[in-house]
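A structural walkthrough
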Amino acid sequence: MASQQISLHIIDMSFRESHGLYEIENKTKQDFLVSTWIRYSFDPDHPEEYIDYVAVYADVRAQMKIPEGLMENLVIRIQEYLSDRYPMIEYCKVCIRKSPVLHGPYGSLDICYEGLGGLK
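Residues numbered from 1 in each chain as written. Predicted model: local features only at pLDDT ≥ 70, side-chain atom pairs only at ≥ 80, totals over all residues. Heavy atoms only, no water.

**Quick word on the state of the cysteines**
The cut-off we apply is this: The disulfide definition used here is simple: a pair of cysteine sulfur atoms within 2.5 Å. Secondary structure elements follow DSSP: runs of H or I no shorter than four residues count as helices, runs of E no shorter than two count as strands, and numbering proceeds from the N terminus. Relative accessibility thresholds used throughout: buried, under 20% of the residue-type maximum; exposed, over 50%; partly exposed, between the two (1.4 Å probe, protein chains only).
Applying the stated criterion across every chain, the model contains 1 disulfide. One disulfide bridge connects Cys95 with Cys112, the sulfur atoms lying 1.9 Å from each other. Taking the sign of the S-S torsion, 110° for the link of Cys95 and Cys112, the bridge is right-handed. Of the two residues, Cys95 is situated in strand β3 (residues 89–98) and Cys112 in strand β4 (residues 109–116); the sequence distance between them amounts to 17 residues. Cys92 carries a free sulfur, and the closest cysteine sulfur to it, the one in Cys95, is 10.0 Å from it. Look at Cys92 and you get buried, because its relative accessible area is 0%.

Quick look at the structure:
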């Protein structure tokens, strides 16, 4: 059977970590929501070659535990890690949302990074 295009969306994985440039962001754990959009080819004749969403969550959790000053670097690191870890990924987008501890005229901050996966 021919390969099928699969989209795996994991939305709003919740983490409480310390990331940011400002001292208060590094001292105070903040709530983050991470979402991923992954597209890959799946061959039904080889069901063992799927992407396990539980493993993706564990990978994102491990990356979120590594402190990062810039959200841009964090979202790029997660996207590139997933693309390298799962070579069957053709496209991967990662978005991180946080409610900043530095109050401003906004409710939350979203930052996203997307790119081609391991089949570049």
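**Notes on the environment of Cys112**
The test is simple: Two residues form a contact once any of their heavy atoms are found within 4.5 Å.
On the basis of relative accessible area, Cys112 is assigned to the partly exposed category, the value being 40%. Separated by 41 residues in the primary sequence, Cys112 and Met71 have C-alpha atoms spaced 9.2 Å apart. When neighbours within four sequence positions are excluded, Cys112 is seen to be in contact with Val75, Lys93, Val94 and Cys95.

**Structural notes on the pattern of salt bridges**
We count it as follows: For salt bridges, the criterion is a side-chain nitrogen of Lys or Arg within 4 Å of an Asp or Glu carboxyl oxygen.
All chains considered together, the criterion is met by 7 salt bridges. Note that Lys65 and Glu17 form a salt bridge whose closest N and O atoms lie 3.2 Å from each other. Residue Lys65 is located in the loop between α2 (53–64) and α3 (71–85), and its partner Glu17 is located in strand β1 (residues 4–17); the two are separated by 48 residues in the primary sequence. Given the relative accessible area of 10%, Glu17 is considered buried. Measuring nitrogen to oxygen at the nearest pair gives 2.7 Å for the salt bridge that ties Lys98 to Glu25. Here Lys98 is found in strand β3, whereas its partner Glu25 is found in helix α1 (residues 23–27), with 73 residues between them in sequence. For the pair Lys98 and Glu25, a shared accessibility class is recorded, and that class is buried.

**Examining the side chain of Ser35**
Cut-off, in case you're wondering: Polar contact is the term for a pair of N or O atoms within 3.5 Å; when the atoms are in protein, one must be able to donate a hydrogen and the other to accept it, and sequence-neighboring residues count only if both atoms are side-chain atoms.
Within the secondary structure, Ser35 sits in strand β2 (residues 30–42). Given the relative accessible area of 6%, Ser35 is considered buried. For Ser35, the side chain forms a polar contact with the main-chain nitrogen of Asp12, separated by 2.9 Å. When residues no more than four places from it in sequence are discounted, the contact partners of Ser35 are Ile10, Ile11, Asp12, Lys93, Val94 and Cys95.

That is the geometry; function is a separate question.
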